[in-house]
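Understanding the architecture of this molecule
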Amino acid sequence: MSANYYLGTTPAESLGDSPRYWYALRRNQDGELFLVRSDQIIDSDAYELNIPGPTDDNFDDFEVGIDYLDGIDLEHEPVFENLFYPQYRWDDRSLFYYVDSQGMLVMRINKGFSYPAGIST
């Protein structure tokens, strides 16, 4: 068994009160759903919150640890045209989402999911 040693603060300590995981949801023009799951300690990927366009259509209220679920209005239209992920949330739990064989969206807490071969993941 290997051990990790840190000089100074550990990655978890550097987050402070910020949640570890960021989950962002978007839908493309074909109606497909995409979910981003980003581990703030391990992942090094960068995600663009706003797509290029007029600055008046940008979402400027992004804050770490503050959920945003109001990016789509009652008619299912985007509130901010440039907002790439109209819904996102933060959590300290490791959540895995998948669609089961009956077409239901399922969430697992702290337990991974292996997607069947030949489908999107």
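Above: the structure in question.
We now turn to the structure provided with this report. Because the structure is predicted, anything quoted here is derived from the model rather than measured.

This brings us to the side chain of Arg26. The topology assignment puts Arg26 in strand E1 (residues 21-27). Of the buried charged residues, Arg26 lacks a salt bridge, with Glu32 as the closest side chain of opposite charge at 7.7 Å. Apart from residues lying up to four places away in sequence, Arg26 is in contact with Glu32, Leu33, Phe34, Phe84, Tyr85 and Pro86.

Next up on the list: the layout of surface pockets. Estimates place the volume of the second largest pocket at around 510 Å³. Surrounding the second largest pocket, 15 residues form its lining, Arg26, Arg27, Ile72, Pro78 and Pro86 being those nearest its centre. At three residues, E1 tops the list of elements feeding residues into the lining of the second largest pocket. A class-by-class count of the residues in the lining of the second largest pocket yields eight nonpolar, four polar and three charged.

It is worth spelling out the packing of aromatic side chains at this point. The full count for this structure, using the stated rule, is 14 aromatic pairs. Ring geometry for Trp22 and Tyr47: centres 5.8 Å apart, planes at 50°, overall tilted. Of the two residues, Trp22 sits in strand E1 while Tyr47 sits in the loop between strand E2 (33-39) and strand E3 (87-91), which places them 25 residues apart along the sequence. Here Trp22 falls in the buried class, since its relative accessible area comes to 5%. Ring centres of Trp22 and Tyr85 lie 5.8 Å apart, and the angle between their planes is 80°; on these two criteria the pair is classed as edge-to-face. Of this pair, Trp22 sits in strand E1 while Tyr85 sits in the loop between E2 and E3; the two residues are 63 residues apart in sequence, bridging distant segments of the chain.

Right, let's talk about unusual backbone geometry for a bit. Of note, the phi angle at His76 is positive, near 65°, even though the residue is not glycine. Turning to its location among the elements, His76 is positioned in the loop between E2 and E3.

Moving on, we come to the pattern of salt bridges. One pass over the structure, following the stated rule, counts three salt bridges. In this structure, the salt-bridge partner of Asp39 is Arg20, at a minimum N-O distance of 2.8 Å. With Asp39 in strand E2 and Arg20 in the loop between helix H1 (11-15) and E1, the pair connects residues that are 19 residues apart, well separated along the chain. Classification of Asp39 by relative accessible area gives buried; the value is 6%. Across the pair Arg93 and Asp91 runs a salt bridge whose closest N-O atoms are separated by 3.0 Å. Asp91 sits in the buried class, given a relative accessible area of 9%.

Rules and cut-offs
Every residue gets a number counted from 1 within its own chain, in the order that chain's sequence is written. In keeping with the model being predicted, local features are shown solely for residues with a pLDDT of at least 70 and side-chain atom pairs are shown and tallied solely at 80 or more, while totals for entire chains, interfaces and linings include all residues. Here the side-chain values reflect all heavy atoms present in the structure, with hydrogen atoms and water set aside. Counting from the N terminus, the helices are DSSP H or I runs at least four residues long and the strands are E runs at least two residues long. Exposed residues in this analysis have more than 50% of their type's maximum accessible area, buried residues have under 20%, and partly exposed residues fall in between, with area computed by a 1.4 Å probe over protein chains only. His is not counted, nor are the chain ends, whereas Lys and Arg count as positive and Asp and Glu as negative. Basic side-chain nitrogens of Lys or Arg form a salt bridge, by our definition, when they fall within 4 Å of a carboxyl oxygen of Asp or Glu. Contacts are residue-level and defined by heavy atoms, with any inter-residue pair within 4.5 Å sufficient. Within this scheme a cavity is a closed region of a 1 Å grid, computed over the protein atoms alone, that accommodates a 1.4 Å probe without allowing it to escape, whereas a pocket is open but has protein on both sides within 12 Å along at least five of seven lines; lining residues each have an atom within 4 Å of a point. Grid points are joined across faces, edges and corners, and a volume is the space filled by probe spheres set on the points. Residue polarity follows a fixed list, in which Ala, Val, Leu, Ile, Met, Phe, Trp, Tyr, Cys and Pro are nonpolar, Asp, Glu, Lys and Arg are charged, and the others, Gly among them, are polar. Any pair of Phe, Tyr and Trp rings, taking the six-membered ring for Trp, is counted once the centres come within 6.5 Å. Such a pair is stacked with planes under 30 degrees apart, edge-to-face with planes over 60 apart, and tilted for the rest.

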